[in-house]
Number of protein chains: 4
Amino acid sequence: MVRVVLLGQGYAGSIFAIGIERIKKGEIEPYGVPLANELDEKIENIEIVGSYDVDEEKVGKTVYDVAQNYWEGNIPESLKEIEVKRGVHLGSLKSLPLQAKGLEEEMGLKDAINVLVSEWKEVKAEIIVNVCTTEKAQPFGNKESIIRAVEEERSERLCASQIYAYAASEYAKERSGATFINMIPALIANDPGYIALAEERNLVIFGDDGATGATPLTADLLTHMAQRNRKVLSVAQFNIGGNMDFLALVDEERNKCKELTKSSIVKDILGYDAPHFIKPTGYLEPLGDKKFISLHMEIISFNGAVDEFIVNGRINDSPALAGLLVDLVRLGKIAMRKREFGTVYDVNAFYMKNPGPESAINIPRILAYEKMRKWAELDPKHKV
Amino acid sequence: MVRVVLLGQGYAGSIFAIGIERIKKGEIEPYGVPLANELDEKIENIEIVGSYDVDEEKVGKTVYDVAQNYWEGNIPESLKEIEVKRGVHLGSLKSLPLQAKGLEEEMGLKDAINVLVSEWKEVKAEIIVNVCTTEKAQPFGNKESIIRAVEEERSERLCASQIYAYAASEYAKERSGATFINMIPALIANDPGYIALAEERNLVIFGDDGATGATPLTADLLTHMAQRNRKVLSVAQFNIGGNMDFLALVDEERNKCKELTKSSIVKDILGYDAPHFIKPTGYLEPLGDKKFISLHMEIISFNGAVDEFIVNGRINDSPALAGLLVDLVRLGKIAMRKREFGTVYDVNAFYMKNPGPESAINIPRILAYEKMRKWAELDPKHKV
Amino acid sequence: MVRVVLLGQGYAGSIFAIGIERIKKGEIEPYGVPLANELDEKIENIEIVGSYDVDEEKVGKTVYDVAQNYWEGNIPESLKEIEVKRGVHLGSLKSLPLQAKGLEEEMGLKDAINVLVSEWKEVKAEIIVNVCTTEKAQPFGNKESIIRAVEEERSERLCASQIYAYAASEYAKERSGATFINMIPALIANDPGYIALAEERNLVIFGDDGATGATPLTADLLTHMAQRNRKVLSVAQFNIGGNMDFLALVDEERNKCKELTKSSIVKDILGYDAPHFIKPTGYLEPLGDKKFISLHMEIISFNGAVDEFIVNGRINDSPALAGLLVDLVRLGKIAMRKREFGTVYDVNAFYMKNPGPESAINIPRILAYEKMRKWAELDPKHKV
Amino acid sequence: MVRVVLLGQGYAGSIFAIGIERIKKGEIEPYGVPLANELDEKIENIEIVGSYDVDEEKVGKTVYDVAQNYWEGNIPESLKEIEVKRGVHLGSLKSLPLQAKGLEEEMGLKDAINVLVSEWKEVKAEIIVNVCTTEKAQPFGNKESIIRAVEEERSERLCASQIYAYAASEYAKERSGATFINMIPALIANDPGYIALAEERNLVIFGDDGATGATPLTADLLTHMAQRNRKVLSVAQFNIGGNMDFLALVDEERNKCKELTKSSIVKDILGYDAPHFIKPTGYLEPLGDKKFISLHMEIISFNGAVDEFIVNGRINDSPALAGLLVDLVRLGKIAMRKREFGTVYDVNAFYMKNPGPESAINIPRILAYEKMRKWAELDPKHKV
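Here the structure is a predicted model, which means the values were calculated and not measured.

1. Brief notes about the pairing of strand β4 (residues 127-130) of chain B
All names here are of chain B. Where burial is concerned, the two faces of β4 agree: the one with Ile-127 and Val-129 and the one with Ile-128 and Asn-130 are both buried. With 4 bridges connecting them, strand β1 (residues 2-7) and β4 associate as parallel partners. Paired with Val-5 across the strands is Ile-128, a residue of β4. Looking at chain direction, β4 and strand β5 (residues 178-182) are connected through 4 bridges and run parallel.

2. Here we look at the interface of chain B and chain A
On the chain A side, the residues contacting the 50 residues of chain B number 50 residues. Of all the elements in the fold, those that place two or more residues in the side of chain B that touches chain A are α1 (11-24), α8 (214-227), β11 (306-316), α12 (317-338) and α14 (365-375) of chain B. With 10 residues, β11 of chain B is the single largest residue contributor to the side of chain B that touches chain A. Considered class by class, the residues forming the side of chain B that touches chain A number 26 nonpolar, 14 polar and 10 charged. Bridge count for strand β11 (residues 306-316) of chain A against β11 of chain B is 7 bridges, and the pairing is antiparallel. Bridge pairing in β11 of chain B links Asn-312 of chain A to Ile-310 of chain B.

3. A look at the nonpolar core
Judged by nonpolar contacts, the single largest core of 576 residues is most densely connected at Val-129 of chain A, Val-129 of chain B, Val-129 of chain C together with Val-129 of chain D. For Val-129 of chain C, the residues in contact, after removing those within four places along its chain, are Val-4, Val-5, Leu-6, Leu-7, Ile-181, Met-183, Leu-325 and Val-329 of chain C.

4. Description of unusual backbone geometry
Gly-207 of chain C connects to Asp-208 of chain C through a cis peptide bond whose omega is 5°. In this fold, Asp-208 of chain C is placed in the loop between β6 (203-206) and α8 (214-227). In the segment running from Gly-356 of chain C into Pro-357 of chain C, the intervening peptide bond is cis, with an omega of 5°. Phi is positive for Ser-176 of chain B, which is not a glycine, with a value near 50°. Among the secondary structure elements, Ser-176 of chain B is positioned in the loop between α6 (160-175) and β5.

5. Focus on the relation of the copies chain B and chain A
Mapping chain B onto chain A calls for a rotation angle of 180° and an axial translation of 0.0 Å; the resulting RMSD is 0.0 Å. A rotation of that kind, with that shift, is consistent with a two-fold axis. It is Val-311 of chain B whose C-alpha, among those of chain B, lies nearest the rotation axis, at 2.2 Å. Taken as a fraction of all interface residues of chain B, those also at the interface in chain A reach 100%, which identifies the copy contact as same-surface.

6. Description of the sheet that holds strand β3 (residues 84-86) of chain C
Taking strand neighbours across the sheet as the criterion, the 7 strands line up as β3-β2-β1-β4-β5-β6-β11 (chain C) in an open arrangement whose pairing is parallel. Where the open sheet ends on each side, the last strands, each with one partner, are β3 and β11 (342-343) of chain C.

7. Here we look at helix α7 (residues 192-201) of chain A
All names here are of chain A. Among the residues of α7, those classed as buried are Gly-193, Tyr-194, Ile-195, Leu-197, Ala-198 and Arg-201. The secondary structure elements touched by the buried residues of α7 are α5 (143-151), α6 (160-175), β6 (203-206) and β12 (342-343). One or two positions beyond α7, positive phi appears at Asn-202, with a value near 65°.

About the thresholds
Residues numbered from 1 in each chain as written. Chains lettered and ligands numbered in written order. Predicted model: local features only at pLDDT ≥ 70, side-chain atom pairs only at ≥ 80, totals over all residues. Buried ≥ 20, exposed ≤ 12 C-beta atoms within 10 Å, placed from the backbone. Helix = DSSP H or I, 4+ residues; strand = E, 2+ residues; numbered from the N terminus. Pairing = 2+ DSSP bridges. Contact = placed C-beta atoms within 7 Å. Nonpolar A, V, L, I, M, F, W, Y, C, P; charged D, E, K, R; others polar. Core = buried A, V, L, I, M, F, W, Y, C linked by C-beta atoms within 7 Å. Least-squares fit on C-alpha atoms with pLDDT ≥ 70 in both.

Everything listed is a geometric property; what it means functionally is a separate question.
Shown next, in the form of structure tokens:
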């Protein structure tokens, strides 16, 4: 069994829940799940045991009810058993067109953390997954500052993801082990403070920012150019979509945060900082969860010849993230078994846009994939 | 020194010659040359010592003169010293709008081979490079059939590339070592007959069909999908260009030959034969050497979501090939030093569309690259 | 009332039937129908009164049953009332993977024509629509040759479309008026023989080859360039799809036929024959009816600058055709009322890839649209 | 003769100057000039008689010297005769990486206007062309406010384009006729105040914002959809380039101004405001003047089918603008001859992104083109 708690019952969380149940029922193949059924821990073993949100339209409802907003097919009945509880807000949904209220508004931050920890104990949670809406976060850098900020209940300094990660560390400590998976750009696995906390308290952290969409593809294309010693002259990458995450990114501060995690790949892969424009570009409601991406790259080939590449795509954002999550929750179990507390670069390097720890760089995804398999004690996919 | 003979003084051969000389003069960086100056054998050491063609407009002229057709910049003066000699034709340019005549029409096949071998001895050739126009070829399968066909001068059964490869084996035998690099789709490194011949006679063969253009990129994209367990529903790939090679491919038989080498990657990489349409599509004169490619791919992601990718590109065909050649002629020297006669999969897997030997499959290029580096005794590019 | 007979109960015919009924039921808006409800003759007035095919899997079934193959939604019950009758084959589906048998195999050509005419009388057909699979056709050029070929029952010289058009002329003669709409590339409206026949026998012919997909879009793009006096250097256009029509085009002879109608637009619009490669490219089953198109265009702008445009699209082939048909069957009624027998260029110029009569050229679609409106006595759409 | 003064000696102004001279010398064809040599007033008659800028690197140099920055070919010697004079700044280049100083800083606004007018008299200017960098402008709405703002020298309220247009009106008044062509997004032809001023003072105004790049193409594509009654679900359009104009648009306020003129076409053409994201997206230096555009459009076709179109392009920005200008300066002469003072919608509708007057809407370019020809007393291009 893999007992999962979802923080944020939005698009990604709902598709994750629906897809897991459909796989259990044999309705669909596990496409989009990199390791499919190669792990000892089967997809069928995943159990969602808790769900949190701060949207007043969701809190108190079941995951079954909430999932109606995100999928037109038949929602599995089993999701009626999971209630969406109130989570931490701290203004993370500020400026978005919805009513949100967090636990901390009812009882203060420290009590909110206690409530979370005790609820997680009750359901015997193993894996805590952060799929809440992209929010602005400022890393702390060291453990002490985090503890102090929580102690002093500095709600203007902390964001929801940071509180959740902190609560996970408290929970792990009491339980001798838990995993926190950060699928959003807020820096957790890249914050040395959280890594120190995690190492000390038996928490595994995977993060940051699930590697979906155009960025891992761009990474592979850049690798393609680098391996042929083609000089990259420029890279432009646009993204536009109609889900809540794109709406959230209209906010300039959240956007900056996202830009950072996307943009670092150019230098990491090429070894030089080719001029680039890589950032989420806009919100266009009718596109929904199926974003449109456009990538332009110009390169110098042999004898000064200039080549040009354009990639366009329509990509379902949430299923891509949810598919990775199906692996990550199971890899969390493996990491706990191995007692690799702190963060696990071998996992992050393939699954995350901004793989922690802070000092780590992006490596070609195709190589990262084999590295990750090795860590998971699987045979290489490609015998070379 | 790396002493190179070019078979076919067309676009690729001319850009190769120009680029090498410009690098020697410090005019350009070695972009498009995967290993650049990482090898002990420097690019500056490459010397073109012979050139062959069958086009009456070229035979007897210097490489300097011929190169004018393919590049608008200043052609290096040093190319005035290499004369284009008459090579073997055997109808390989049949149906193309030019006057061609082969050595074999003057003296018969066996004598033609003898002439080639003796000319190569004179210039102390080490590396024989086949960059002639795509031609139809039928593999022999075993050594004996090749020897018999040559012996009996069966010119309707043999194509120019096969004669050239045979002559190279004769030459290698007398010289205790030479390298034959087959950059076109004719099956040489994939013909067990030629491999047997090469092993016996101290010939290194690299081949077949230099991995330029859309195919290696498609391979990397397919790998991207495979590693995420995304189910590929369909792949369509078009190519259109205006150089002699595209004109040659208008001929249905040559086209089939090309389609074969391009199309096998789908199954090799994915492990299943996703429906695909991958073949050179047409000739459009104004595009010149800068072909237009278009690739469409549809995939299933998690929970049945369907994603779509489109890649368009403008790619300079000949510089891409020439850049690979700059590595291959030097890797030929290494293979001879190591006495790895026959063919070298570790090299072919990265540089060739249809890597020999026949039994070998396409592996992800990004992995093949590191494998090749290892063979060449270089450090991994990406520390993983 | 507009009483329609469909020749060919394939994808386009089925979507036409389904769409009409759904509009009647108020389920959908008339999107994709250029004139929507601007005409006096409303969409609701269209009645399908007959259907023909030669596929043994279809003959004898109802349109309701056949339509299941082409649409996943709920098929309107009203389509249960229309039976698919046996039509004319003449080898038009030869080489396709299905069992086909034509009326003429049961009774000879002339009797087959008589059967058709008498069945059409019975249902009081007004508009005969040819949406059968693309077939090879050789125009006759004059009326006498057509009559003689039919008289002599020369089945190797005639194709199904030609027999259908002939039968329509016989029917029109006896009934003082009918309309034949040729949505496939076989030359009917471009055959002076058929036009003469139609003028004499009170038949309206609209044709040839419904203007769907990439071609009208290419026409508008070329117009865009022409109006800015940008010199078009090259045009490449690819099409690939997975419906029966693409499968039929794998056959080289049918393909040539299609290429002809697509390719003429370049010279017609630009006034000079810019180098181009425009032809249906391939069959890829999983794409189904939603074809992939790719268009590349290179142009010279002011001061010698070279610009480049690429258009990619996914287009549902049959709905596009069916939408045009909803107008054409109603415009047929208007033409009959006006007694404009023969063919009507003002209609063809907008709706057809190869607008008849033979002497006519392609004009910019955007202008053709307003011209057509004028003919239909509608106000200009855009007041200029 | 057509005597032209350029306000802004940047990319567009320089390419205009170079192209005109090369056409005079017979070096190039007038590609990119919509009316080429159809007008009585030939391209050869155009004479640049004055040039203005505020960049300290340009003022005092010749157009020949300045043009070196924008073109690699041989600059025509005749451009040595035109000196770049100091123009009006008013902070229009604020925040850009260059040193700028305006006439008004030396002498006050009213004196600056007087200097301009007297210099224009000296060179007998007929056509005043505004091709300065995109700047923020706030329209006045009525004549009196403009006059008052100038009278009171309110430099924080006025922008450079507004001062230039005002000076042109002063000049026209004294000379009984002049033309002001506004190629940038600042609202001049769309400011009722300027139109009133122009009517009163014998000034012709063409504007606003030359219709180059993706916007007119988008307009034609939207027309294509509208004429087939396809419902446009969404339109996303990105632009990225590396010239000064894109750098200027990084500034949020200038960007808003541009977005406005681009975005209005959706509703104007379709008749309903389909959800869209159309704005200049970013600056990427290596792209230079050859911008990359990407357009995505999703539509509903017949029977609810959803189609998708993607357009990508590389477009040379300044040549496109310069080509239009070659027509506009000559059409200015025609307008003056016809005494059509104020603005001329028939010209603006084809050549401008935001055609004045304010009340006018965007019409399909392809129709606007024929309308413009009619105004210019030319035969229709396409006989329909």
